[in-house]
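Here are the chains, one letter per residue:
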Amino acid sequence: MVASVIVDISSSEVDKIFEYSIPSCLDVKLGDRVSVPFGHGRVEGFCIAIKESADTSKELKEIISVLDTYSAITPEMLELMDYMRGKYYVRRVDCLRLFIPSKMRGGRVGELNRRFIELNPDINYDDILNAAGNKSQRSVIERLREGGEFLSVLTSELSVSSVNTLIGKGLIVKSDRRVYRRPAGISGADSAARTLTPSQQAAYDRISNTPYRTILLFGVTGSGKTEVYMRCIADALAKGKTAIMLVPEISLTPQTLRVFRARFGDVVAMLHSGLSDGERFDEWIRIMRGEAKVVVGARSAIFAPVKDLGIIIADEEHDASYVSESNPRYITSDIAAFRARYNDAKVVLGSATPSVDSYLLAKRGEYDLVRMDGRISGNMPPIEIVNMTEEIIGGNIDIFSGRLKEELKGVISRGEQAIIFLNRRGHSSFVMCKKCGYTAKCTDCDVTLTYHSSENVLKCHYCGKKYRMLDCCPECGSTDIKYGKVGTQRVVSELQALLPGVSILRMDNETTSTKTAYLDILSEFSSNQAQVLVGTQMIAKGHDFPNVTLVGILDADMSLYFSDYRSSERTFQLITQVAGRAGRADKKGKVILQTYSPRHYVFRYITSYDYDGFFDKENNTRLVSDFPPYTTVIRIMMTGKEEERVVSCARKLYSDMRSLAGGYRFDFVYMQAMKSPVARIENKFRYQILMRIKREKEAVITAKIYDIMDKNKVRGVSVFAEFNPQSMN
């Protein structure tokens, strides 16, 4: 027998199928991880097919060993690998690596077994006690009477020599016992299923009975979508099926896990990049063995090895985090659709602010549209717009407007809580010399550095490199240093001056870098140990804090003028989402929105929570200007350490792309080659070819683009494709 193997080396040069002979002493199965000879050494690989004979007449090398006692890659995942390779131009091995915990490769993580001690079950308890030689040994026996204990715990409490003596006498026995490393969730959730509101019941009935495979659940913030999700998952479990529940931010997984564990118990597993290696492996193996049937997690959880999948739910489906922008690149909704087709399952896309793409598909009838327009707690919080230009004219040059200061003090005096939202981390977004205009930049990336006051350092937010804060300008020697736009650190420091003695928490990428940081901050705020939470996007979605009655939005128009066709859509979504954190229980909420562009049309729709009006305007703009969803933006990115090679590759690709476009003149709306806006990251030069193509012939044109990319490979240059990229940097 012959095995087709993909070797575990992420290189385009070896992204091909290698054939190996299966020795009679090995039982190799489809999807097994194997050790194989390769070159002058041995490497790990994945068995993706088994056949009777080889496709070559050359003598084959033999597989050395099978690495696991189970097949790590399911047949479904093998088909998904082929789908992703054809759709996204990614290497097979990069897909396969997505399907397993990363530390499984190289045997860097595995099952955790601990030595367990218990009384000998073949000997009567009284006989064991009588055989004890002294008081210390009897203490050990009495300790074990109610049940066994791990050796490390037992010897930390009682005499090590007594334990060893009793083991030697055969009165107590030792064995290895499997220990699961379980991720923590926030405690205290109610396990009982709630009575559905009429809106929830109607949505649940529609989802349960619709013939559609994909459903867009459009429910305002606080409408009770989570309870509908859980009812749908309970139905899937009752039919012997499994479920995947996706959330956009890792910060949301602890509280989602809390709610789902309370309802469904130990059949719930969690998968995301914030878990320890051991936790991720143990959760993955529980899913693989069928012990866990509901998977909660961020984007990567879509690859969970569940079998008999019944439903996939993606909460906040509009969120940009559902698109992978690093190798391998993929769009989560595409993977969900593939898995739903494979398993004959349903996909529920939930959002209070659906993406323009999804809502258009629902309006066209390609998705079933289910709406939940009412809030369980009552009305949405009113949004008050403050014109910051007028504040400056009036003499207020602070971060906070007079109205926001007034409302904050009122909230604190009433013992309520507030959220202050700023979509930026750090103290200031850049540092500049006022005299000569010098701006501090990263030496490895073509970007400005951000000042972080807590560490008094400058950081690059692309590569993570740190630099000493400037005492004076390195160009002219001036000490007149200007700080750029406000960051979360500075907001906290100014709040502390405004509200002395008030406990203030900060939640951004920097403060949540440790494993339990999300959990610690959310637990502290939800238990009212702090009255103000300052944060970035991770506080905008999904969180439910009953005592929050005020949301302050600083620099609301910051995302409005990005050079991105989705800037208005993202601003509407982000502000609507963060506004929805206020007044979610019995207490009424309020939102103070600070902006320098109060007359922009987006804010008119936001203040009235008019998604349909916003969609109509945005959809019409996209239609007349030939932007997605009426076209597809494709970016071919080339990166490498030698700029000449990258430029050479870009020229070859662009030449062939222009020839391709000539044959599809009415399908190419736009095409141009250029340097990437961020021309260098981690000392790699970046060039790009941007194009917009019409949807009708997208599949045919994409296949031809991939052929051109295959034909024009240049050593030392990485080339990849992005579809409707979330960032054009």
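Look up a bit, the structure's there.
Residues numbered from 1 in each chain as written. Predicted model: local features only at pLDDT ≥ 70, side-chain atom pairs only at ≥ 80, totals over all residues. Heavy atoms only, no water.

Looking at this structure, how should I read the packing of helix 12 (residues 356-364) against helix 19 (residues 611-625)?
Angle between the axes and distance between the axes are the two parameters that describe a pair of packed helices. Relative orientation of the contacting elements helix 12 and helix 19 amounts to 95 degrees, with a least axis distance of 11 Å. When the interaxial angle is binned, helix 12 and helix 19 end up roughly perpendicular. Contact with helix 12, carried on its side by Val356, Asp357, Tyr359, Leu360 and Lys363, involves Tyr611, Asp612, Phe615, Glu618, Asn619 and Arg622 of helix 19 and no other residues of that element. Considering only residue class, the contact of helix 12 with helix 19 consists of 5 nonpolar, 1 polar and 5 charged. (Axes fitted to C-alpha atoms, helices over the stretch in contact; angles between N-to-C directions. Helix = DSSP H or I, 4+ residues; strand = E, 2+ residues; numbered from the N terminus. Parallel < 35°, antiparallel > 145°, perpendicular 65-115°, else oblique. Contact = heavy atoms within 4.5 Å. Nonpolar A, V, L, I, M, F, W, Y, C, P; charged D, E, K, R; others polar.)

Is there a simple way to explain the pattern of salt bridges in this structure?
Oppositely charged side chains can form a pair if their charged atoms are brought close together. Evaluated as defined, the whole model comprises 57 salt bridges. Salt-bridge contacts for Lys441 lead to Asp446; the nearest nitrogen and oxygen are separated by 3.7 Å. Assessed through its relative accessible area of 33%, Asp446 is described here as partly exposed. The salt bridge involving Arg506 is made with Asp508; its shortest N-O contact spans 2.8 Å. Here the two residues Arg506 and Asp508 agree in accessibility, since each one is buried. (Salt bridge = Lys/Arg side-chain N within 4 Å of Asp/Glu carboxyl O. Buried < 20%, exposed > 50% of the residue type's maximum accessible area, 1.4 Å probe, protein only.)

What is the right way to look at the layout of surface pockets in this model?
Roughly 1,000 Å³ of internal volume is contained in the second largest pocket. In this structure, the second largest pocket is lined by 40 residues; those nearest its centre are Arg194, Gly224, Thr226, Asp544 and Arg584. Elements that contribute at least two residues to the lining of the second largest pocket include exactly helix 8 (225-238) and helix 9 (253-264). A per-element tally of the lining of the second largest pocket places helix 9 first, with 6 residues. (1 Å grid on protein atoms, 1.4 Å probe; cavity = no way out; pocket = protein on both sides within 12 Å on 5 of 7 lines; lining within 4 Å. Points joined across faces, edges and corners; volume = space filled by probe spheres on them.)

Looking at this model, I keep getting lost on the environment of Arg85. Mind explaining?
On the secondary structure map, Arg85 appears in helix 1 (residues 75-88). Classification of Arg85 by relative accessible area gives partly exposed; the value is 34%. C-alpha separation for the pair Arg85 and Cys95, spaced 10 residues apart in sequence, amounts to 7.8 Å.

Would you mind going over the environment of Ile117 with me for this structure?
Secondary-structure assignment places Ile117 in strand 6 (residues 112-119). Residues Ile117 and Gly148, spaced 31 residues apart in sequence, show a C-alpha to C-alpha distance of 5.5 Å. Setting aside residues up to four positions removed in sequence, Ile117 forms contacts with Leu144, Gly148, Glu149, Leu151, Leu154, Ile167, Ile172, Val173 and Lys174.

Please explain the sheet that holds strand 17 (residues 417-421) as it appears in this structure.
Adjacent strands of a sheet pair through backbone hydrogen bonds, lying either parallel or antiparallel. Strand order in the open sheet formed by 6 strands is 16-26-25-17-24-23, and the pairing between neighbours is parallel. The open sheet has two free edges, formed respectively by strand 16 (383-387) and strand 23 (504-507), since each of these has just one partner strand. When strand polarity is set aside, the average angle formed by the axes of neighbouring strands in this sheet is 20 degrees. Of the strands in this sheet, strand 16, strand 17, strand 25 (548-553) and strand 26 (590-595) are in contact with helix 17 (residues 567-579), which crosses strand 25 at around 155 degrees. (Pairing = 2+ DSSP bridges.)

Explanation requested: helix 14 (residues 402-413) in the structure shown.
Every α-helical turn comprises 3.6 residues, leaving residues that sit three or four positions apart pointing alike. In this model helix 14 runs 17 Å from its N-terminal to its C-terminal C-alpha over 12 residues, within 8% of the 16 Å that 1.5 Å per residue would give. Within the span of helix 14, buried status applies to Leu404, Lys405, Glu407, Leu408, Gly410, Val411 and Ile412. Packing partners of the buried residues in helix 14 comprise strand 17, helix 15 (488-498), strand 24 (532-535), strand 25 and strand 26. Gly415 occupies a position one or two residues after helix 14 and carries a positive phi of about 75 degrees. (Expected span 1.5 Å × (residues − 1).)

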